[in-house]
Amino acid sequence: MTTKTDLLYEGKAKSVYETDNDDLVIVEFRDDMTAGDGARKETMTGKGYYNSIITSKIFEVLEAHGIKTQFVELTKPGTLVVKKLDMIPLEVIVRNIATGSLVRTFPFEDKTPLDPPIIQTDYKSDEFHDPAINDSISIALGLVTQDDLDFIRKTTMKINDIMRDMFLDAGITLVDFKIEFGKDKEGNIILGDEISPDSCRLWDVETQDMLDKELFRKGQDDKVIDAYEEVFNRLLNDDDKAKWNL
């Protein structure tokens, strides 16, 4: 059993701890919900529970399709054991449908399907407020090489294909999402962080009702946890719940 030791990092919604295994860390999902670059913060009871299990489910499906992730084990709801990574400070954003900031920034009509999907990257930095970044700047800053970027893009497109099918089977449209990658001790680039309603824009296929963090951004706090629970119930089957003793 992996034992938690010292706090390594505390983010807006997760805490990362060292363990007695140098190759593994423990990630605890908290119930904190933030928006506006952390300007607004609330506690949403159950959020960490749902996000940790949804992330575990998605990462298991991705692994089954050949995508390497840092996921090792969900020890209990809210707590994951994962491989220690040297995270690449880039947020990779995939957009299948034009909405949100894309519509506000560029002359897209809202809810326009994007084929092929758009991939963009942001520089993950609280100090610089996560600005958009292109390949040339990423390479000039020494964050990645061109080969790294090519691998990340190819892998991201495969992840998008797998996840779109997974969500569609659950009656959910995967509108857009953001992911992060890191390097393991051998230098391999693998998927890290989380994939959950915090990091995805999800719409009900029939009603187009929001099932993600956008509800919180729009001040509909009373609907947030119900939406997360809905995603949880649609993605997990009885075997999943039995496996994780839910």
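Structure: see above.
Quick look at the structure, then. Every value quoted in this text rests on a predicted model; they were computed, and no experiment measured them. (Residues numbered from 1 in each chain as written. Predicted model: local features only at pLDDT ≥ 70, side-chain atom pairs only at ≥ 80, totals over all residues. Heavy atoms only, no water.)

## Observations regarding the sheet that holds strand β1 (residues 4-10)
Right, on to step 1. Taken in spatial order, the five strands line up as β1-β2-β3-β7-β6 in an open sheet, and their pairing is antiparallel. Taken across any chain shown, the strands that pair with only one partner, and hence form the sheet edges, are β1 and β6 (71-76). Mean inter-strand twist for the sheet, computed between neighbouring axes without regard to direction, equals 30°.
Right, on to step 2. Strands in contact with helix α1 (residues 47-64) are β3 (24-29), β6 and β7 (79-83); relative to β6, the strand with the most contacts, it is inclined by about 145°. (Pairing = 2+ DSSP bridges. Helix = DSSP H or I, 4+ residues; strand = E, 2+ residues; numbered from the N terminus. Axes fitted to C-alpha atoms, helices over the stretch in contact; angles between N-to-C directions. Contact = heavy atoms within 4.5 Å.)

## With respect to helix α6 (residues 221-235)
Right, on to step 1. With 15 residues, α6 extends 22 Å between its outermost C-alpha atoms, agreeing within 8% with the 21 Å of an ideal straight helix rising 1.5 Å per residue.
Right, on to step 2. Among all positions of α6, only V224, I225, A227, Y228, V231, F232 and L235 are buried. Taken end-on, α6 shows its buried residues confined to a sector of 160°, consistent with a single buried face. For α6, exposure combined with an orientation more than 90 degrees from the buried face picks out D222 and D226. (Expected span 1.5 Å × (residues − 1). Buried < 20%, exposed > 50% of the residue type's maximum accessible area, 1.4 Å probe, protein only. Arc of directions from axis to C-beta.)

## Notes on empty space enclosed by the protein
Right, on to step 1. The final tally for this structure, using the stated rule, is one cavity of 30 Å³ or more.
Right, on to step 2. One number sums up the size of the largest cavity: a volume of about 50 Å³.
Right, on to step 3. Looking at the largest cavity, the residues that line it are L90, V92, I119, T121, L149, I152, R153 and T156.
Right, on to step 4. Considering each element in turn, the lining of the largest cavity owes the most residues, four residues, to helix α4 (residues 146-169). (1 Å grid on protein atoms, 1.4 Å probe; cavity = no way out; pocket = protein on both sides within 12 Å on 5 of 7 lines; lining within 4 Å. Points joined across faces, edges and corners; volume = space filled by probe spheres on them.)

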